Structure formats: C-alpha cells, structure tokens
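Chain and residue survey
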Amino acid sequence: VSPGRTESVAAELRQRARAGTASFTGAPRGAAVYVDGRYVGTTPTGPISFQPGQYEAVFELPGYQGQTIGFRVTQGRDTAVDVSLRGLSATLVIQANVGGASVFIDGTFAGTIPNGTGRLELRDVQPGRHEIVVMAPRYSTYVTTFTLEPGRTVELNVRQSRF
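What you see is a predicted model; the values in this text were computed from it and never measured.

Moving on, we get to the pairing of strand β8 (residues 90-96). Of all 7 residues that make up β8, 6 are buried, and the element is covered over most of its length. Of the strand pairs in this sheet, β8 and strand β11 (residues 119-125) are connected by 5 bridges, and their pairing is antiparallel. Bridging across to β11, V93 finds its partner in E121. Bridge analysis of β8 against strand β14 (residues 153-158) gives 6 bridges, and the strand direction is parallel. Looking at β14, one finds that Q95 is bridged to N157.

This is the structure we're talking about:
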C-alpha cells in the first residue's frame, strides 16, 4: 500500500468448528479409556477436548469385562460418558473321592459331587476369598478356604476319610 492510496482486500470468512469435550467416568474407578483406539486416560478423566462428531470409547480394567460405548461430541458442550464394568467371574473345579457329597460355598449349597468322575465344576463364582465345606454321611467333613481371581480357574482336591 502506497501513502495516500486505498486498497481493497476481499476475504471470505468461514465459521470454524469449535471443539466440545467429553468426560469419562465409571465404576469401578481406574479403567483405561481409549477413544477410537487412542489412549486418553483413566476414569474419572475430567473434560477432554474433541472436535464435534461421533466417537467410540473402550473401557478396560483387569478383572472386568471390557465395554465399548459410542458417543457424540457437540461443539461447545460437555458429553458425559459413564460405564459400569462387570467383574469377570471365576471357575471352581472340585475333584473329590466321595461321590454324592454335598458342597457348600460360604454356607450356601453349591452342588453335589457326581458319582463316577468325582469332578464338580462350578462356573460364574464371584472372585474373592471363600470357604468351602464338603459333607457326606459316614465321612469326615472337609473344610478349607480358597481365593478366586477374576477370569481364572481354581482346582481343589478334596479327600474325605471314612469314619
């Protein structure tokens, strides 16, 4: 531009898409969160900036079933994405020498040892510390404690002696 002259400038303005945010929470706390395959933090995250659009969040925590949730981010708004993760159950396998013996876990009847194989498999047992009692007429009562970890199988060998 020269002194004393006026120049025209043409400009085309387009509205720029403003970001929105998403906050990730869940029970239990501490789940890893991946959005469209990219790690973004652990629950609870607080607001994380995203361009407007549709996304997919994956929540993962050892001992729990992973969960995938679709969510939409809108410009200038916070989207709350909340999940309740379901704990993985465990399996208990009891190998016993007395067919027909009754099995109790934490005081609740859980099954009967089959004649022949002597093998009782109990699926979907909650992880944690438990007490098992195995009883049969004219045989000693077997009592012990054991710990089940999520998604794992524990095998117990039960030996009862005759009175």
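Moving on from the coordinates now.
As enumerated under the stated definition, the model contains 8 aromatic pairs in all. Taking the centre distance of 6.4 Å and the plane angle of 80° together, the rings of F24 and F50 count as edge-to-face. Of this pair, F24 sits in strand β1 (residues 20-27) while F50 is found in strand β4 (residues 47-50), placing the two residues 26 residues apart along the sequence. There is no split in this pair, since F24 and F50 are both buried. With a centroid separation of 6.1 Å and an interplanar angle of 75°, the aromatic rings of F50 and F71 are classed as edge-to-face. Taken together, the positions of F50 in strand β4 and F71 in strand β6 (residues 67-73) put the pair 21 residues apart, joining distant regions of the chain. Under the relative-accessibility criterion, F71 is labelled buried at 5%. Ring pairing ties together the aromatic residues F24, F50, Y55, F59 and F71, which thus form one cluster.

Attention now moves to the nonpolar core. Residues L92, I94, V103, I113, L122 and I132 are the most contacted members of the largest nonpolar core, which totals 21 residues. For this core, the secondary-structure elements that each account for two or more residues are β8, β9 (102-105), β11, β12 (128-135), β13 (142-148) and β14. Per-element accounting of this core gives the leading share, 4 residues, to β8. Apart from residues lying up to four places away in sequence, I132 is in contact with L92, I94, V103, F104, Y142, V143, T144, F146 and L156. In terms of nonpolar packing, the next biggest core, distinct from the first, is built from 18 residues, A22, I48, V83 and L85 among them.

Reading the values: rules and limits
Residues numbered from 1 in each chain as written. Predicted model: local features only at pLDDT ≥ 70, side-chain atom pairs only at ≥ 80, totals over all residues. Heavy atoms only, no water. Buried < 20%, exposed > 50% of the residue type's maximum accessible area, 1.4 Å probe, protein only. Helix = DSSP H or I, 4+ residues; strand = E, 2+ residues; numbered from the N terminus. Pairing = 2+ DSSP bridges. Phe/Tyr/Trp six-rings, centres within 6.5 Å; stacked < 30°, edge-to-face > 60°. Core = buried A, V, L, I, M, F, W, Y, C linked by side-chain atoms within 4.5 Å. Contact = heavy atoms within 4.5 Å.

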